Amino acid sequence: MKLGVVGLPNVGKSTLFNAITHAGAECANYPFCTIEPNVGVVAVPDERLGVLGKLYNTKKITPAVVEFVDIAGLVKGASKGEGLGNKFLANIRECDAIVHVVRCFDDENVTHVESTVDPLRDIETIDLELIFADLESVTKRYDKAFSMIKTGDKKYKIEAERLEKLKKHLESGKAARTVPTESEEEKEYFDSLFLLTNKPVIYAANIGEADMGKDADDIPHAKKVKEFAENEGSEYLVICARTEEELSTLEPEEQALFLTELGLKESGLNRLIKASYRLLGLISYLTAGEKEVRAWTIREGTKAPQAAGKIHSDFEKGFIRAEIVDYDTLAELGSFNACKEKGKVRSEGKDYVIKDGDVVLFRFNV
């Protein structure tokens, strides 16, 4: 999974990126500090792996991972090449989802490109640049499809009608992800266009340290971001990039104590990962043994053979069955064999839909 971190210059993107990846992206108080997309890979926090590692006395624990791309600050006119322009729109296109960092703190020592802090204006600025880029792409497709209607092939007429609908939606200043669809086929067609504004979004309201521990409704700027995200059907979270950066330098025990003092149950990283999994409809199944305990990321609804294919294509081709026990039962009984003796291990076939937390042993023909 690849998440693109976007936002206006000086909203805290690189600070947040540093905190969650320990990648050390350069961070300074001026626009366009980030001139190349910084990429960092971070492990998905999963306490289940440590428990299974102890049960199996495993040699290796491999968590699922998320790839974060810190993309340079966009400005008005980016879709036309202003600032760092189209190069960075292309970086966004390669991501599965967007983390849109929105400045929700006042600090006269940190320059804002628009001079004042206004979360909804900033969101609109970024959205419009992405919409303009999508509109250019859709218009080209529409013109081509429209010109082909004269061939008499009905598919071009259908395509032109769909593109015209999408074009009008974008021209009204609305993102492609909010266009109403009349059928699953139409939705799949829009998805196949790989538009920037069709990507799911997590809005990260970056608050000041003085607001840590407060509810979003008690922080005026953050409340605006929350309401915007809810109206759009997107994910949101309130986070303090500066605090997260400080947390990232602490040992786990110190982190836990610090979070308790702030009145928080978990770090912003954990909440961001959970939000991204919900947004993209992802879950993790587990494999466990003496050699390795590992988490595998799949989409909800994935059937056993396709889940096996995540490990190796031969597993999917030669799939016979999956022997499955849920994590809680395995942790309680202490071993796969103990679960078998208690009749807790299920033998599932090709139509079984893998669930989050399933501990799986695949049987297959070579």
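In this text, all values refer to a predicted model and were calculated from it rather than measured experimentally.

**Some points on the confidence of the model for the protein**
Phase 1: Considering every residue of the protein, the mean pLDDT works out to 88; 90% of them sit at 70 or more.
Phase 2: Long-range and interchain partners of residues 30-35, a stretch whose pLDDT sits below 50, account for 18 contacts in this model, where long-range means more than four residues apart.

**Some thoughts on the pattern of salt bridges**
Where side chains of opposite charge bring their charged atoms close, a pairing between them can arise.
Phase 1: Per the stated rule, a full pass over the model turns up 24 salt bridges.
Phase 2: Notably, a salt bridge pairs Glu-136 with Lys-140, separated by 3.7 Å at the nearest N-O pair. Taken as a pair, Glu-136 and Lys-140 lie in helix H4 (residues 119-148) at a separation of four residues, close to a single helical turn.
Phase 3: Residue classification places Glu-136 among the partly exposed residues on the basis of a relative accessible area of 37%.
Phase 4: Taking relative accessible area as the criterion, Lys-140 reaches 55% and is therefore assigned exposed.
Phase 5: A cluster of three or more residues bridged by salt bridges with shared partners is formed by Arg-321, Glu-323, Lys-340 and Arg-363.

**A word on unusual backbone geometry**
Phase 1: Of note in the backbone geometry, Asn-10 takes a positive phi value of approximately 65° without being a glycine.
Phase 2: The class of Asn-10 is buried, set by a relative accessible area of 13%.
Phase 3: Even without being glycine, Phe-194 reaches a positive phi, approximately 55°.

**Concerning the state of the cysteines**
Phase 1: In total, this model carries zero disulfides according to the counting rule given.
Phase 2: No disulfide involves Cys-104; its sulfur sits 11 Å from that of Cys-240, the nearest cysteine.
Phase 3: Taking the relative accessible area as the measure of exposure, Cys-104 reaches 2% and is therefore buried.

**Side note on the environment of Leu-52**
Phase 1: With respect to the element layout, Leu-52 can be found in helix H2 (residues 47-56).
Phase 2: Taking the C-alpha atoms as reference points, Leu-52 and Val-293, 241 residues apart in sequence, are found 6.8 Å from one another.
Phase 3: Beyond its immediate sequence surroundings of up to four residues, Leu-52 is in contact with Leu-286, Ala-288, Val-293, Tyr-327, Leu-330 and Val-359.

**Remarks on the pairing of strand S10 (residues 319-326)**
Phase 1: Here seven bridges tie S10 to strand S12 (residues 358-364), and the two strands are oriented antiparallel to one another. Bridge pairing in S12 places Ile-324 opposite Val-360.
Phase 2: Looking at chain direction, S10 and strand S11 (residues 346-348) are connected through three bridges and run antiparallel. In the strand pairing of S11, Ile-324 is matched with Arg-346.

**A word on the packing of H4 against helix H5 (residues 154-171)**
Phase 1: Between H4 and H5, the shortest axis-to-axis distance is 9 Å and the interhelical angle comes to 155°. Looking at the two axes, H4 sits roughly antiparallel to H5. As for the relative orientation of H4 and H5, their crossing is left-handed in sense. Mapping the contact onto sequence places Ile-131, Asp-134, Leu-135, Val-138, Thr-139, Arg-141, Tyr-142, Ala-145, Phe-146 and Met-148 in H4 and Tyr-156, Glu-159, Ala-160, Leu-163, Glu-164, Leu-166, Lys-167, Leu-170 and Glu-171 in H5.
Phase 2: Per-class residue counts for the contact of H4 with H5 are twelve nonpolar, one polar and six charged.

**Brief notes about the packing of H5 against helix H6 (residues 184-191)**
Phase 1: For the pair H5 and H6, the least separation of the axes is 11 Å and the interaxial angle reads 70°. If you check the angle between H5 and H6, you find them roughly perpendicular. The residues of H6 that touch H5, namely those facing Glu-159, Arg-162, Leu-163, Lys-165 and Leu-166, are Glu-185, Glu-186, Tyr-189 and Phe-190.
Phase 2: Of the residues contributing to the contact of H5 with H6, the split by class is four nonpolar, no polar and five charged.

**A word on the sheet that holds strand S7 (residues 235-239)**
Phase 1: Reading across from one edge, S2-S4-S1-S5-S6-S7 is the order of the six strands in this open sheet, with mixed pairing throughout. With partners counted over all chains shown, the strands left at the sheet margins are strand S2 (38-43) and S7, one partner each. The sheet shows a mean angle of 25° between the axes of neighbouring strands, direction not considered.
Phase 2: By the bridge criterion, four bridges tie strand S1 (residues 2-6) to strand S4 (residues 65-70) in an arrangement that is parallel. Each residue of the ladder has a partner; that of Leu-3, found in S4, is Phe-68.
Phase 3: Of the strands in this sheet, strand S5 (97-103) and strand S6 (201-206) are in contact with H4, which crosses S5 at around 145°.
Phase 4: Packed onto the sheet, helix H7 (residues 220-232) meets S5, S6 and S7 and runs at close to 170° relative to S6.

What counts, and where the lines are drawn
- Residues numbered from 1 in each chain as written.
- Predicted model: local features only at pLDDT ≥ 70, side-chain atom pairs only at ≥ 80, totals over all residues.
- Heavy atoms only, no water.
- pLDDT = per-residue confidence, 0-100.
- Contact = heavy atoms within 4.5 Å.
- Salt bridge = Lys/Arg side-chain N within 4 Å of Asp/Glu carboxyl O.
- Helix = DSSP H or I, 4+ residues; strand = E, 2+ residues; numbered from the N terminus.
- Buried < 20%, exposed > 50% of the residue type's maximum accessible area, 1.4 Å probe, protein only.
- Disulfide = S-S within 2.5 Å.
- Pairing = 2+ DSSP bridges.
- Axes fitted to C-alpha atoms, helices over the stretch in contact; angles between N-to-C directions.
- Parallel < 35°, antiparallel > 145°, perpendicular 65-115°, else oblique.
- Left-handed = near helix turned anticlockwise from the far one by under 90°.
- Nonpolar A, V, L, I, M, F, W, Y, C, P; charged D, E, K, R; others polar.

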